[in-house]
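Okay, here's what each chain looks like letter by letter:
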Amino acid sequence: MAQDFLGIGWNWPVTVDDADRIALSRFEENIRQSILLVLCTARGERQMRPEFGCDIHALVFAENNMTTAGLAAFYVEQALARWEPRIELVSVHGAPDTEAGNRLLVEIEYRVIATNTIFNLVYPFYLTEGVGG
């Protein structure tokens, strides 16, 4: 069955369910959460797996322009190609957010390999550390 490959794992961020157990995410939602976990983790941040994560965090305090957006998209592509084998990237585009001068938006279109289903995710990256929502 295709969904067996999609996986079940701890919800991210970690929460508890109504029975006070660790909440789980399933299938496509598990993949979406895994993508966010990869992107939210700076390389070197995890002690036992220092290569895990995304280099996008090196862009904190960078100028919010198309050059930074292109570099952010490149870092996202690299990280997801390495750390999320259940997907195939269709496209990754970065652009400065016109509504918030300190935010860069990275639009990710990906295909879940096991089901051939396409999803979109927009990752907001803040260029000023400690600012977000």
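Our subject is the structure listed above.
Notes on the structure follow. Because the structure is a prediction, the values reported are computed rather than measured.

## Some remarks on a nonpolar patch on the surface
Item 1. Taken together, the side chains of Ile-8, Trp-10, Val-14, Val-16, Ile-22 and Leu-24 present a nonpolar region at the surface, about 580 Å² in accessible area.
Item 2. Its location among the elements puts Ile-22 in the loop between β1 (8–10) and β2 (24–26).
Item 3. For Ile-22, a relative accessible area of 33% puts it in the partly exposed group.

## A word on the sheet that holds strand β3 (residues 87–96)
Item 1. Read across the sheet, three strands follow the order β3-β4-β5 without closing on themselves; strand pairing throughout is antiparallel. Of all the strands in the sheet, just β3 and β5 (117–126) have a single pairing partner and so form its edges. Strand after strand, the sheet turns through a mean of 15 degrees between neighbouring axes, direction not considered.
Item 2. Examined bridge by bridge, strand β4 (residues 103–112) and β5 share ten bridges and lie antiparallel to one another. Within the sheet, the bridge partner assigned to Arg-103 lies in β5 and is Tyr-126.
Item 3. Where helix α2 (residues 27–40) meets the sheet, its contacts fall on β3, β4 and β5, and the angle it forms with β5 comes to roughly 30 degrees.
Item 4. Along the sheet, helix α3 (residues 66–83) contacts β3 and β4; its crossing angle with β3, the most-contacted strand, is approximately 160 degrees.

## Thoughts on the nonpolar core
Item 1. Core analysis: the biggest nonpolar cluster contains 29 residues, and Ile-56, Val-76, Ile-108 and Tyr-123 have the highest contact counts within it.
Item 2. Sorting the residues of this core by element identifies α2, α3, β3, β4 and β5 as the ones contributing at least two each.
Item 3. Element by element, the count of residues in this core is highest for α3, at eight residues.
Item 4. Not counting residues within four places of it along the chain, the set of residues in contact with Ile-108 comprises Leu-39, Val-76, Leu-80, Leu-89, Ser-91, Val-92, Phe-119, Asn-120, Leu-121 and Tyr-123.

## A closer look at the packing of α2 against α3
Item 1. Axis separation between α2 and α3 bottoms out at 10 Å; the angle between their running directions is 125 degrees. Here α2 is positioned oblique relative to α3, judged by the angle of their axes. Between α2 and α3 lies a crossing whose hand is right-handed. Here α2 contributes Ile-35, Val-38 and Leu-39 to the contact with α3, which in turn contributes Val-76, Ala-79, Leu-80 and Trp-83.
Item 2. Of the residues belonging to the contact of α2 with α3, the class tally is seven nonpolar, no polar and no charged.

## Some points on the environment of Glu-51
Item 1. By secondary structure assignment, the location of Glu-51 is in the loop between α2 and α3.
Item 2. Along the primary structure Glu-51 and Thr-128 are separated by 77 residues, whereas in three dimensions their C-alpha atoms are 24 Å apart.
Item 3. With residues near it in sequence (within four places) discarded, Glu-51 still touches Arg-43, Arg-82 and Trp-83.
Item 4. In this structure the side chain of Glu-51 is engaged in a polar contact, spanning 3.2 Å, whose partner is the side chain of Arg-43.

Cut-offs applied
Residues numbered from 1 in each chain as written. Predicted model: local features only at pLDDT ≥ 70, side-chain atom pairs only at ≥ 80, totals over all residues. Heavy atoms only, no water. Patch = residues over 30% accessible without salt bridge, like charges linked within 9 Å, V, L, I, M, F, W, Y side chains within 5 Å. Areas by Shrake-Rupley, 256 points an atom, 1.4 Å probe, with all protein chains shown as cover. Salt bridge = Lys/Arg side-chain N within 4 Å of Asp/Glu carboxyl O. Helix = DSSP H or I, 4+ residues; strand = E, 2+ residues; numbered from the N terminus. Buried < 20%, exposed > 50% of the residue type's maximum accessible area, 1.4 Å probe, protein only. Pairing = 2+ DSSP bridges. Axes fitted to C-alpha atoms, helices over the stretch in contact; angles between N-to-C directions. Contact = heavy atoms within 4.5 Å. Core = buried A, V, L, I, M, F, W, Y, C linked by side-chain atoms within 4.5 Å. Parallel < 35°, antiparallel > 145°, perpendicular 65-115°, else oblique. Left-handed = near helix turned anticlockwise from the far one by under 90°. Nonpolar A, V, L, I, M, F, W, Y, C, P; charged D, E, K, R; others polar. Polar contact = N/O pair within 3.5 Å; in protein donor to acceptor, adjacent residues only side chain to side chain.

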